[in-house]
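# Descriptive analysis of the structure
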Amino acid sequence: DQQVKQNSPSLSVQEGRISILNCDYTNSMFDYFLWYKKYPAEGPTFLISISSIKDKNEDGRFTVFLNKSAKHLSLHIVPSQPGDSAVYFCAGQEGGSYIPTFGRGTSLIVHP
Amino acid sequence: SAVISQKPSRDICQRGTSLTIQCQVDSQVTMMFWYRQQPGQSLTLIATANQGSEATYESGFVIDKFPISRPNLTFSTLTVSNMSPEDSSIYLCSVGTLNTIYFGEGSWLTVV
């Protein structure tokens, strides 16, 4: 039973346009959500997070939106750059836990 | 964030052999974890490495197959025992703060 679902295994976007990566979750105990980026042959790197008491968090070109009622979050990258091409993992975490639950990832390709 | 170093970064292993992966962190951390990412799959937690005591394994992972040591707050090892091709994976060391975990570069193991 996947508690975190990233239903799009891949996404292709033109440079300069917006990339929207989606994530759905089923565990209503999650109160913190994270996004990680992973390049081939490297470990995942933390990108951005959001607490369940917020519906938006922004960091430069990256914005995460949270819709608790729909149990859905999304990562927006504007404008997309070729260097953003990577696998993006969404994760949910219960309060007080140090251990997030990850989705399977979405591979983003940004074309020049 | 802590600097997490893993070695080996990659290896090709013979079926039936065992390999130990080392993880060194540049600062003392309480929470250390070992993850696995099989091709096309999510980041799956193997175990929490507990300093001075036995690791806490997740469902589906056992100590005989994945023995873990944690002699101090900056170092841990994961051994993959009696390897089979199904163990071909990226193995990731990670450290946890309350709301974020950070990963090492990963150890890519291919079992032939």
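Below, the structure is looked at part by part. None of these values were measured; they are calculated from a predicted model.

## Quick notes on the overall build of chain A
Scanning chain A for helices and strands turns up zero helices and eleven strands. Dimensions of chain A, computed from the C-alpha atoms along their principal axes, are close to 40 × 30 × 20 Å. Taken across its 112 residues, chain A has 44% of its residues classed as buried. Long-range pairs, those at least 24 residues apart, make up 54% of the contacts in chain A with a sequence separation of at least 6. Per element, the accessible surface of chain A, about 5400 Å² overall, is 48% carbon and sulfur. Taking the average place of the 10 positive charges on the side chains of chain A and the average place of its 10 negative ones, the gap between the two points comes to 3 Å.

## What to know about the layout of surface pockets
Roughly 640 Å³ of internal volume is contained in the largest pocket. Taken together, 27 residues make up the lining of the largest pocket; nearest its centre are Thr101 and Phe102 of chain A together with Leu43, Thr44 and Leu45 of chain B. For the lining of the largest pocket, the secondary-structure elements that each account for two or more residues are β9 (86-94) and β10 (101-102) of chain A together with β4 (31-37) and β5 (44-49) of chain B. Here the residues of the lining of the largest pocket sort into nine nonpolar, 13 polar and five charged. Taken as a whole, the second largest pocket encloses approximately 420 Å³ of empty space. In terms of lining, the second largest pocket is formed by 25 residues, of which the most central are Gln37, Pro39, Gly40, Ile90 and Trp108 of chain B.

## Regarding the packing of aromatic side chains
If you walk through the whole model with that rule in mind, you get twelve aromatic pairs over all chains. Note on Tyr36 of chain A and Phe46 of chain A: the rings are 5.8 Å apart at their centroids and 70° apart in plane angle, and the pair reads as edge-to-face. Of this pair, Tyr36 of chain A sits in strand β4 (residues 30-38) while Phe46 of chain A sits in strand β5 (residues 45-51), and the two are ten residues apart along the sequence. Accessibility expressed as a relative area gives 0% for Tyr36 of chain A, which makes it buried. For the ring pair Phe102 of chain A and Tyr35 of chain B, a centre distance of 5.8 Å and an interplane angle of 85° mean the geometry is edge-to-face. In this pair, Phe102 of chain A is assigned in strand β10 and Tyr35 of chain B in strand β4, connecting two distinct chains. Exposure remark for Phe102 of chain A: the relative accessible area of 7% places this residue in the buried category.

## A closer look at the environment of Arg36 of chain B
Residues and elements named next belong to chain B. Within the element layout of this structure, Arg36 appears in strand β4. Under the relative-accessibility criterion, Arg36 is labelled buried at 14%. Sequence separation of Arg36 and Ser59 is 23 residues, and the distance between their C-alpha atoms is 13 Å.

## Considerations on the state of the cysteines
Simply put, disulfide is the name for a covalent bond between the sulfur atoms of two cysteines. For the coordinates displayed, the defined rule picks out two disulfides over all chains. In this model Cys23 of chain A forms its disulfide with Cys90 of chain A; the gap between the sulfur atoms is 2.0 Å. In this structure the cystine formed by Cys23 of chain A and Cys90 of chain A twists about its S-S bond by roughly -75°; its chirality is therefore left-handed. Of this pair, Cys23 of chain A sits in strand β3 (residues 19-25) while Cys90 of chain A is found in strand β9, placing the two residues 67 residues apart along the sequence. Its relative accessible area of 0% is what places Cys90 of chain A among the buried residues. Here Cys23 of chain B connects covalently by a disulfide to Cys93 of chain B, the sulfurs 1.9 Å from one another.

## Remarks on the sheet that holds strand β1 (residues 4-7) of chain B
All names here are of chain B. Reading across the sheet, the four strands line up as β1-β3-β8-β7 and stay open at both edges, with antiparallel pairing between neighbours. With partners counted over all chains shown, the strands left at the sheet margins are β1 and β7 (68-72), one partner each. In this sheet, adjacent strand axes meet at a mean angle of 15° when their direction is disregarded. Bridge analysis of β1 against strand β3 (residues 19-25) gives four bridges, and the strand direction is antiparallel. Following the sheet pairing, Ile4 is matched in β3 by Val25.

## A closer look at the interface of chain B and chain A
Between chain B and chain A, the residue contacts involve 23 residues of the former and 20 residues of the latter. Taken together, both faces of the contact between chain B and chain A bury some 1700 Å²; the carbon and sulfur share is 63%. If you sort the residues of chain B by the area they bury against chain A, Leu43, Leu98 and Asn99 of chain B come out on top, with a joint share of 27%. Put simply, chain B and chain A have zero salt bridges between them. Viewed at the interface, chain A and chain B are joined by five residue pairs in polar contact (both at pLDDT 80 or more). Counting residues per element, the ones that place at least two in the side of chain B that touches chain A are β4, β5, β9 (89-96) and β10 (101-103) of chain B. Residue classes in the side of chain B that touches chain A are distributed as twelve nonpolar, nine polar and two charged.

Each value, and the rule that gives it
Residues numbered from 1 in each chain as written. Chains lettered and ligands numbered in written order. Predicted model: local features only at pLDDT ≥ 70, side-chain atom pairs only at ≥ 80, totals over all residues. Heavy atoms only, no water. Helix = DSSP H or I, 4+ residues; strand = E, 2+ residues; numbered from the N terminus. Buried < 20%, exposed > 50% of the residue type's maximum accessible area, 1.4 Å probe, protein only. Contact = heavy atoms within 4.5 Å. Areas by Shrake-Rupley, 256 points an atom, 1.4 Å probe, with all protein chains shown as cover. Lys, Arg positive; Asp, Glu negative; His and termini not counted. Charge placed at Lys NZ, Arg CZ, Asp CG, Glu CD. 1 Å grid on protein atoms, 1.4 Å probe; cavity = no way out; pocket = protein on both sides within 12 Å on 5 of 7 lines; lining within 4 Å. Points joined across faces, edges and corners; volume = space filled by probe spheres on them. Nonpolar A, V, L, I, M, F, W, Y, C, P; charged D, E, K, R; others polar. Phe/Tyr/Trp six-rings, centres within 6.5 Å; stacked < 30°, edge-to-face > 60°. Disulfide = S-S within 2.5 Å. Pairing = 2+ DSSP bridges. Axes fitted to C-alpha atoms, helices over the stretch in contact; angles between N-to-C directions. Buried area = accessible area lost by both parts, 1.4 Å probe. Salt bridge = Lys/Arg side-chain N within 4 Å of Asp/Glu carboxyl O. Polar contact = N/O pair within 3.5 Å; in protein donor to acceptor, adjacent residues only side chain to side chain.

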